[in-house]
Amino acid sequence: MFFGTRIALSIIGEFSRRLLASHFVNQRIWTNNVWLDIWGVWDTGWYLDISQNGYTARPLDELISFQTNVVFFPLYPLLMRFLGSIIGNQYTAGVIISNFSLIVACIYLYKLVRLDSDESSAFRSVKYLLLFPISFILSGVFTESLYLALALMCFYYARTGKWQLAGIFGFFLSLTRSVGVLIVLPLLYEGLMPLLKEKGYLKNFKEYRDRILPLFYLSLIPLGIISYMIFNFYLNGDFLAFVHGQTAWERYHRNPLEVLIDGYHGDMYASFEAVFTGISILVLILFHKKIRFSYWLFAIYSIFVPLSTGIQSMPRYILVIFPLYILFADISKNRLSEDFFTLFFALMQGFLMVFWTNSFNLVV
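All of these numbers come straight from a predicted model, not from anything done at the bench.

Visitor: Can you walk me through the packing of helix 9 (residues 163-173) against helix 12 (residues 221-236) in this structure?
Guide: Describing two packed helices takes the angle between their axes plus the distance from one axis to the other. In contact at an axis separation of 6 Å, helix 9 and helix 12 are set at 25 degrees when each is read in the N-to-C sense. Our classification of the angle between helix 9 and helix 12 gives roughly parallel. Here helix 9 and helix 12 pass one another in a crossing that is right-handed. Here A166, G167, G170 and F171 of helix 9 come into contact with helix 12, specifically with I221, L223 and G224. Broken down by class, the residue content of the contact of helix 9 with helix 12 amounts to four nonpolar, three polar and no charged.

Visitor: Can you help me understand unusual backbone geometry in this one?
Guide: Working note: non-glycine residues mostly have negative phi, and peptide bonds are mostly trans. Of note, the phi angle at W42 is positive, near 50 degrees, even though the residue is not glycine. Inspection of the secondary structure puts W42 in the loop between helix 2 (34-37) and helix 3 (44-53). Phi at S313 is positive, roughly 70 degrees, even though this residue is not glycine. Mapped onto the elements, S313 comes out in the loop between helix 16 (293-307) and helix 17 (314-318).

Visitor: Before we go on, may I ask you to explain helix 7 (residues 119-131) in this structure?
Guide: An α-helical turn contains 3.6 residues, so a residue and the one three or four places further along point in the same direction. Its 13 residues give helix 7 an end-to-end C-alpha distance of 18 Å, which sits within 8% of 18 Å, the value for a rise of 1.5 Å per residue. Of all the 13 residues making up helix 7, 10 are buried; the element is thus mostly covered by neighbouring parts of the structure. The secondary structure elements touched by the buried residues of helix 7 are helix 1 (2-20), helix 6 (90-114), helix 8 (144-159), helix 18 (323-331) and helix 19 (335-357).

Visitor: How do you make sense of the pattern of salt bridges when you look at a structure like this?
Guide: Any two side chains of opposite charge can pair, given that their charged atoms come close. Taken as a whole, this structure holds 12 salt bridges when the rule is applied. Beyond isolated ion pairs, a larger network of salt bridges with shared partners links D43, E144, R177 and R316.

Visitor: In this structure, what is going on with the nonpolar core? I would like to understand it.
Guide: As a rule of thumb, nonpolar side chains are buried together in soluble globular proteins. Within the largest apolar cluster, 111 residues are counted, with the highest numbers of intra-cluster contacts made by F136, I183, L187 and F322. In terms of residue count, helix 8 provides more of this core than any other element does, 13 residues in total. Apart from residues lying up to four places away in sequence, I183 is in contact with A151, C154, F155, L173, I221, F298 and Y301.

Rules behind the numbers
Residues numbered from 1 in each chain as written. Predicted model: local features only at pLDDT ≥ 70, side-chain atom pairs only at ≥ 80, totals over all residues. Heavy atoms only, no water. Axes fitted to C-alpha atoms, helices over the stretch in contact; angles between N-to-C directions. Helix = DSSP H or I, 4+ residues; strand = E, 2+ residues; numbered from the N terminus. Parallel < 35°, antiparallel > 145°, perpendicular 65-115°, else oblique. Left-handed = near helix turned anticlockwise from the far one by under 90°. Contact = heavy atoms within 4.5 Å. Nonpolar A, V, L, I, M, F, W, Y, C, P; charged D, E, K, R; others polar. Expected span 1.5 Å × (residues − 1). Buried < 20%, exposed > 50% of the residue type's maximum accessible area, 1.4 Å probe, protein only. Salt bridge = Lys/Arg side-chain N within 4 Å of Asp/Glu carboxyl O. Core = buried A, V, L, I, M, F, W, Y, C linked by side-chain atoms within 4.5 Å.

Shown next, in the form of structure tokens:
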């Protein structure tokens with residue numbers, strides 16, 4: 001499924017770039033190969049710049065007035081820099097890292113679903129992950145696939161009681177994107193709720209202490225973002241430079257519901273992102289009983305936290321919400337519904353790939 005979808009997307013991307021070259025002036029050239037260049041648009045330039053030149057120090061007044069690379073978290077560009085130094089090209093390194101991360105994400109999504117469901121449901125979840133209308137981004141030089149892989153690993157190791165690994169991968173998750181630190185909430189729920197539901201835990205304090213102590217490995221998770229905050233202070237004299245720098249992208253904290261409503265009344269791009277977001281929220285509300293509460297909690301904050309700063313790029317933020325793929329797998333158990341979702345997702349992804357790889361504003 002991985003190779004089939006990536007080959008199809010590569011053909012669509014390269015063909016559309018060559019066909020539309022005279023109509024789109026924003027096509028970026030990163031290498032001498034079009035089939036590689038199709039995977040880099042928009043924020044790819046920022047990650048490539050960080051991997052090659054590092055972060056740029058700016059005073060606070062410039063942070064809030066001019067776009068700066070400090071808003072992009074360091075793990076992904078650091079991996080690009082490391083692998084790029086070996087193979088000789090940071091951009092190609094980004095493509096490799098993203099696709100390797102996507103394969104890891106597929107494996108752990110399958111393993112996670114198998115904890116609760118049969119093999120067929122697990123395969124459907126992976127299929128919908130690969131066919132989701134904008135999952136081409138998972139092969140691009142972006143952080144989404146790395147973030148998704150790390151989040152799935154955190155949940156899988158928490159579900160299997162390997163809290164040390166959950167904490168370690170959570171540390172790296174919070175170095176990938178700021179919202180990653182919030183994964184400590186659903187993981188704590190996974191660890192504490194089974195204990196609180198049991199009766200007599202006060203009488204068996206020693207036993208419960210031994211079961212609670214491993215949860216302290218989750219304290220590793222906030223250390224990721226804390227370490228980046230310290231670096232921000234060292235570089236710019238501001239612990240929250242990565243937050244204040246968002247204003248240069250016109251991102252301000254507002255009521256997320258107001259942002260969503262305003263999106264419906266905006267231009268074509270904002271309306272598309274608002275519809276995409278609204279459908280995702282509706283699916284999570286209607287079928288919330290079909291997934292674990294920890295998954296649902298992860299999905300809700302993964303939507304509403306970025307939504308509170310603006311409608312732009314919301315489909316990309318929603319892409320990493322793996323509970324959606326589990327839900328689609330559950331509600332498409334009969335052949336007719338599975339065929340419908342498979343065909344609809346595949347056609348939409350091929351259609352949107354044309355716009356994305358040519359830097360059209362519909363998907364950013």
